[in-house]
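Observations on chain architecture
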Number of protein chains: 2
Amino acid sequence: MKPTKMKRLRAAGWKTGSTAEFLGLSEAEAALVELKLALVAAVRATRQKRGLSQTDLAQRLRSSQSRVAKIEAGDASVSLDLIVRALLAAGASRKDVEKAFVAIE
Amino acid sequence: MKPTKMKRLRAAGWKTGSTAEFLGLSEAEAALVELKLALVAAVRATRQKRGLSQTDLAQRLRSSQSRVAKIEAGDASVSLDLIVRALLAAGASRKDVEKAFVAIE
DNA sequence: TGAGTATATGTCGGATGTGACATACGTGGC
DNA sequence: GCCACGTATGTCACATCCGACATATACTCA
């Protein structure tokens, strides 16, 4: 988390225990990151299972090879939207998605 | 989908049956929309279950009441990232998030 | 060796999402 | 009536994400 953001956070009047809420926020952020990483792994696994190159998937996604590489690398510039779209474009089955979640817990 | 996008889509040389791939893309987009709506419903349900107002949730999210309203209204300007962050900020368990995601199919 | 293929990484202009604010609508006390 | 509260909607400047491109690395096969 950026320092500037933390500052704003503290500035905005807390109602309940600030530390607890702050920690809760961090936890939520960590959960989101973990979720993204799990889905990203599913993207790569699904793509390879279907014998698709990053270029192939990019074409289905209407994106570029470089962006697919960034998706699979867990690049911070990639949104959850794009990850899920990539997963769907790769033709992920429900089982693939479930598997991604099992990895989390 | 925007007309300009469709045009580009057709322009870019298709390798396999264009209609099939095009339909596949639409399906993926529809699935994403459905997923968002499912998560959005979960946000509202979780928030209300915890007795939080939109303003309360906005504070936890470090966003604004208006954006929380847009999230719950399924506004097109809201990303999947924000929806999931809202869900986590509302205090949804990881299982709740998983449940919504598995609904993709 | 060199060509072909797959993947990774950096950059950039333009597209899209964001928080914040104003404001409107409804409801429930008082 | 008025006020407080919760929610909805529109706008806008600014931040973030995007596709596209260039380029680098690595591996394979002839």
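Structure: above.
One structure accompanies this document, and this report is about it. Treat the numbers as computed from the prediction; the structure is a model and nothing was measured.

**Some details on helix H3 (residues 54-61) of chain B**
Residue and element names in this part refer to chain B. Among all positions in H3, only Gln54, Leu57, Ala58 and Leu61 are buried. The buried residues of H3 all sit within an arc of 105° when viewed along its axis, so they share a single face. Where H3 terminates, the next one or two residues include arginine 62, which has phi positive at roughly 60°.

**As for helix H4 (residues 65-72) of chain B**
Residues and elements named next belong to chain B. Along H4, the residues that are buried comprise Val68, Ile71 and Glu72. Looking straight down H4, one finds its buried side chains confined to an arc of 90°; they lie on one side. Positioned one or two residues after H4, glycine 74 has a phi angle of 70°, which is positive.

**Re the pattern of salt bridges**
Going through the model one piece at a time under the given rule, you end up with 7 salt bridges over all chains. A salt bridge links Lys36(B) to Asp81(A); its shortest N-O distance comes to 3.1 Å. Within this pair, whereas Lys36(B) is found in helix H2 (residues 18-49), its partner Asp81(A) is found in helix H5 (residues 80-89), the two belonging to separate chains. In this pair, the class of Lys36(B) matches that of Asp81(A), namely buried. A salt bridge links Arg47(B) to Glu72(B); its shortest N-O distance comes to 2.6 Å. Of this pair, Arg47(B) sits in helix H2 while Glu72(B) sits in helix H4; the two residues are 25 residues apart in sequence, bridging distant segments of the chain. Glu72(B) shares its class with Arg47(B); the two are buried. When salt bridges that share partners are traced, they join Arg44(A), Arg47(A) and Glu72(A) into one network.

Rules of the game
- Residues numbered from 1 in each chain as written.
- Chains lettered and ligands numbered in written order.
- Predicted model: local features only at pLDDT ≥ 70, side-chain atom pairs only at ≥ 80, totals over all residues.
- Heavy atoms only, no water.
- Buried < 20%, exposed > 50% of the residue type's maximum accessible area, 1.4 Å probe, protein only.
- Helix = DSSP H or I, 4+ residues; strand = E, 2+ residues; numbered from the N terminus.
- Arc of directions from axis to C-beta.
- Salt bridge = Lys/Arg side-chain N within 4 Å of Asp/Glu carboxyl O.

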